[in-house]
There are 2 protein chains.
Amino acid sequence: MVTTDMMVEGPDFRTDWSTAFEIGYKAAAINLADVAAMGAEPTALVVALGAPDDTDVAVLEQIADGLRVACGEMAPGCGVVGGDLSHAPVLVLSITAHGDLGGAEPVTRSGARVGDVVAVSGSLGLAGLGLDLLSEYGEAARGQWPTAVTAQLAPNPPIHAARSLISAQAHAAMDVSDGLARDASRMARASGQRIDLSSELLSRWVSLLRDEVSQSVRSDEELMALVLFSGESHALLASFSPDQRLPEGFFPVGRVFSTDSAAIGGGFLTRDGEKIDPAGWHPFRR
Amino acid sequence: MVTTDMMVEGPDFRTDWSTAFEIGYKAAAINLADVAAMGAEPTALVVALGAPDDTDVAVLEQIADGLRVACGEMAPGCGVVGGDLSHAPVLVLSITAHGDLGGAEPVTRSGARVGDVVAVSGSLGLAGLGLDLLSEYGEAARGQWPTAVTAQLAPNPPIHAARSLISAQAHAAMDVSDGLARDASRMARASGQRIDLSSELLSRWVSLLRDEVSQSVRSDEELMALVLFSGESHALLASFSPDQRLPEGFFPVGRVFSTDSAAIGGGFLTRDGEKIDPAGWHPFRR
């Protein structure tokens, strides 16, 4: 299978926050996560890079290093097999990633079934926290909250978990790129079901964020909003049969129900049984 | 096999000259030509598109139409199998093209042998003439010289010729994207040989350009410069054994010699036996 993703300076990254190495690293990570989310093992990246005329060749080399190191760390055996270099007004990194399903069918977002356990492997809210802290404190955030800033600038999604989607016969899976609530809502809609997220189960991720920042920097309510609504976590969201033991590294976040409960008016996403807006509330939107 | 190419608004196309349909069509053509130049049959395109926030959705649809129609015309059986849409300050179209070699080894640029006949399938200079006329006459050029302008804005490279590279056992092949002289020089250098281009053989393409424009618009000398040095023809350049009958659609442009003739001082490219600058002279450079 094959996926593609374009990262553009400005909307997708800032060169005053990210090093060139991190830009390459993140681009690889995002694309590896897209492959992994379908249950495939990443095999090869093809990279098209657009750069302004005055770009230092060292920048291009560091981007290439970031791509290489990310593949080596997250998907050994996968590497950059081809590329193209163009002139562009800003840095543009477009990657096509290839994956091997080993003969299995790809896992899609549309197969969630009533009764399934919905679970996540990877971090939730940490990359969003990093972005918030960078927005508020600038470069100083890097030294003070390195884990959150690294999750934003050089994320480490659980690529190795891809194969367990196949072995544990996940009914549905996808990469969490636009926030848990929004992506869970998409999975539910594509499956024709409703996903109910549990605040109690999500408190695990709130606690993990609390380990990073003090109460004076972000309240519990703000951290829960980050877990639910902030993007770029690149965690794996998957739906498993309740009879299936969750694969290692997956933690439950909710359950799948039918949409026909009159009480919630046919919505695709609820939290603790009550309808919520998937776009939610983001405390420190850029 | 797989290749990738990024087209960026500004350096690679202008939205006041190209329609959105043509931008998509050309992007497909360039990528199909890259696949064909290795002897492969194009099987699938993956498209990442970056567009400014205020881009009309009709523009995106027309780009998609251009991609689809180009595949249908030049490589039936090949289509767009995946994509990604991003925000970007200008239009950016990054395509990864996949091709099937049917078990054969890819034809590379490095296999030309002494004694080979060097031949071209496709147009030479026509896309360059179109660019010159657009630069000089603007939109009016489109009505007056439609063939040349179309060769520039919606080129039709000889994708079907790809398979004959394999069947005719071409020793080397490449896509002519940066001008015949420059690309022949690259083939010669990669092969460790010298390619001698023949003015007499190239006069075929000068005559074809003369059918498009009168003497008062472009002189014979200017047309020869376009044939030799102008880019974006996306013709196929290939080197065949002299014992091999040239495949249909290929016309000879020169021969392969060794580099050790003292007379030409070890250069990789000559014309009628005399060294020339591969970057050459372009009468109406942008």
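Residues numbered from 1 in each chain as written. Chains lettered and ligands numbered in written order. Predicted model: local features only at pLDDT ≥ 70, side-chain atom pairs only at ≥ 80, totals over all residues. Heavy atoms only, no water.

Caption draft 1: Up close: the packing of aromatic side chains. Residue and element names in this part refer to chain A. Here the structure, examined in full by the defined rule, presents eight aromatic pairs over all chains. Measuring from centroid to centroid gives 5.3 Å for F240 and F250, while their planes differ by 80°, and the two rings are edge-to-face. Here the residue F240 occupies a position in strand β8 (residues 235-240), and F250 occupies one in strand β9 (residues 250-257), the gap between them amounting to 10 residues. For the residue pair F240 and F250, the accessibility class agrees, reading buried in each case. (Phe/Tyr/Trp six-rings, centres within 6.5 Å; stacked < 30°, edge-to-face > 60°. Helix = DSSP H or I, 4+ residues; strand = E, 2+ residues; numbered from the N terminus. Buried < 20%, exposed > 50% of the residue type's maximum accessible area, 1.4 Å probe, protein only.)

Caption draft 2: Region of the structure containing the packing of helix α1 (residues 20-36) of chain A against helix α2 (residues 57-74) of chain A. All names here are of chain A. Orientation of α1 relative to α2, taken along the N-to-C sense of each, is 40°, at an axis distance of 6 Å. Classified by the interaxial angle, the pair formed by α1 and α2 is oblique. For the pair α1 and α2, the sense of crossing is right-handed. Within the contact between the two elements, α1 uses A20, F21, G24, Y25, A27, A28, A29 and L32 and α2 uses V59, Q62, I63, D65, G66, L67, V69, A70, C71, E73 and M74. (Axes fitted to C-alpha atoms, helices over the stretch in contact; angles between N-to-C directions. Parallel < 35°, antiparallel > 145°, perpendicular 65-115°, else oblique. Left-handed = near helix turned anticlockwise from the far one by under 90°. Contact = heavy atoms within 4.5 Å.)

Caption draft 3: Quick peek at the relation of the copies chain A and chain B. Each copy superposes on the other: chain A lies on chain B with an RMSD of 0.0 Å after a rotation of 179° and an axial shift of 0.0 Å. Taken together, the rotation and translation relating the two chain copies correspond to the operation of a two-fold axis. Comparing contact sets, 100% of the residues at the interface of chain A also lie at the interface in chain B, consistent with an isologous, same-surface contact. (Least-squares fit on C-alpha atoms with pLDDT ≥ 70 in both.)

Caption draft 4: Looking closely at the sheet that holds strand β5 (residues 117-121) of chain A. All names here are of chain A. Taken together, the seven strands give an open sheet; going across it, the order is β6-β8-β5-β9-β7-β10-β11, and neighbouring strands pair in mixed fashion. Every other strand in the sheet has two partners, leaving β6 (172-176) and β11 (274-275) as the edge strands with one partner each. Both β6 and β8 contribute to a ladder of five bridges, which runs antiparallel. Looking across to β8, one finds that A173 is bridged to A238. (Pairing = 2+ DSSP bridges.)

Caption draft 5: Expanded view of the interface of chain A and chain B. In this assembly, 23 residues from chain A lie in contact with 23 residues from chain B. Of the roughly 1600 Å² buried between chain A and chain B on both sides combined, carbon and sulfur atoms contribute 72%. Counting across the interface, chain A meets chain B through zero salt bridges. Run the count over chain A and chain B and you get seven residue pairs in polar contact (both at pLDDT 80 or more). Those elements that place two or more of their residues in the side of chain A that touches chain B are β1 (2-8), β2 (41-51), β3 (79-87) and β4 (92-100) of chain A. Its residues assigned to classes, the side of chain A that touches chain B shows 13 nonpolar, eight polar and two charged. (Buried area = accessible area lost by both parts, 1.4 Å probe. Salt bridge = Lys/Arg side-chain N within 4 Å of Asp/Glu carboxyl O. Polar contact = N/O pair within 3.5 Å; in protein donor to acceptor, adjacent residues only side chain to side chain. Nonpolar A, V, L, I, M, F, W, Y, C, P; charged D, E, K, R; others polar.)

Caption draft 6: Highlighting the pattern of salt bridges. On inspection of all chains with the given rule, the structure shows 20 salt bridges over all chains. A salt bridge links R218(B) to E136(B); the nearest nitrogen and oxygen atoms lie 2.9 Å apart. Taken together, the positions of R218(B) in the loop between α8 (199-210) and α9 (220-229) and E136(B) in helix α3 (residues 126-137) put the pair 82 residues apart, joining distant regions of the chain. The structure contains a network of salt bridges with shared partners spanning E22(A), E139(A) and R142(A).

Caption draft 7: Up close: the side chain of S233(A). Residue and element names in this part refer to chain A. You can see S233 is positioned in the loop between α9 (220-229) and β8. One polar contact links the side chain of S233 to the main-chain carbonyl oxygen of V176, over a distance of 3.4 Å. For S233, the residues in contact, after removing those within four places along its chain, are S123, L124, G125, A127 and V176.

Caption draft 8: The sheet that holds strand β10 (residues 269-271) of chain B, seen in detail. Residues and elements named next belong to chain B. The sheet built from seven strands is open, its strands ordered β6-β8-β5-β9-β7-β10-β11 with mixed pairing. Both outer strands of the open sheet, β6 (172-176) and β11 (274-275), are each paired with one neighbouring strand and no more. As defined by bridge partners, strand β7 (residues 194-197) adjoins strand β9 (residues 250-257) across four bridges and the pair is classed as antiparallel. The residue bridging D196 from the neighbouring strand is R255, located in β9. Where α8 meets the sheet, it contacts β5 (117-121), β7, β9 and β10, and its direction lies at approximately 155° from that of β9.

Caption draft 9: Spatial organisation of unusual backbone geometry. Although it is not a glycine, D272(A) adopts a positive phi angle of roughly 55°. Mapped onto the fold, D272(A) is located in the loop between β10 (269-271) and β11. The class for D272(A) is partly exposed, based on a relative accessible area of 47%. For E232(B), which is not glycine, the phi torsion reads 65° and is therefore positive. Here E232(B) shows up in the loop between α9 and β8 (235-240).

Caption draft 10: Main features of the environment of A37(A). Residues and elements named next belong to chain A. With respect to the element layout, A37 can be found in the loop between α1 and β2. Under the relative-accessibility criterion, A37 is labelled buried at 5%. Apart from residues no more than four positions distant in its own chain, A37 is found in contact with V107, L165, A173, M174, D175 and L236.

Caption draft 11: Summary view of empty space enclosed by the protein. Overall, the coordinates contain two cavities of 30 Å³ or more when judged by the stated rule. By volume, the largest cavity amounts to about 70 Å³. Lining the largest cavity we find 11 residues, and of these D12(A), F13(A), R14(A), Q152(A) and L153(A) sit closest to its centre. A breakdown of the residues in the lining of the largest cavity according to their chemical character gives four nonpolar, two polar and five charged. Estimates place the volume of the second largest cavity at around 30 Å³. Every residue lining the second largest cavity is listed: A33(B), A36(B), P157(B), P158(B), I159(B), H234(B), A235(B) and L236(B). (1 Å grid on protein atoms, 1.4 Å probe; cavity = no way out; pocket = protein on both sides within 12 Å on 5 of 7 lines; lining within 4 Å. Points joined across faces, edges and corners; volume = space filled by probe spheres on them.)

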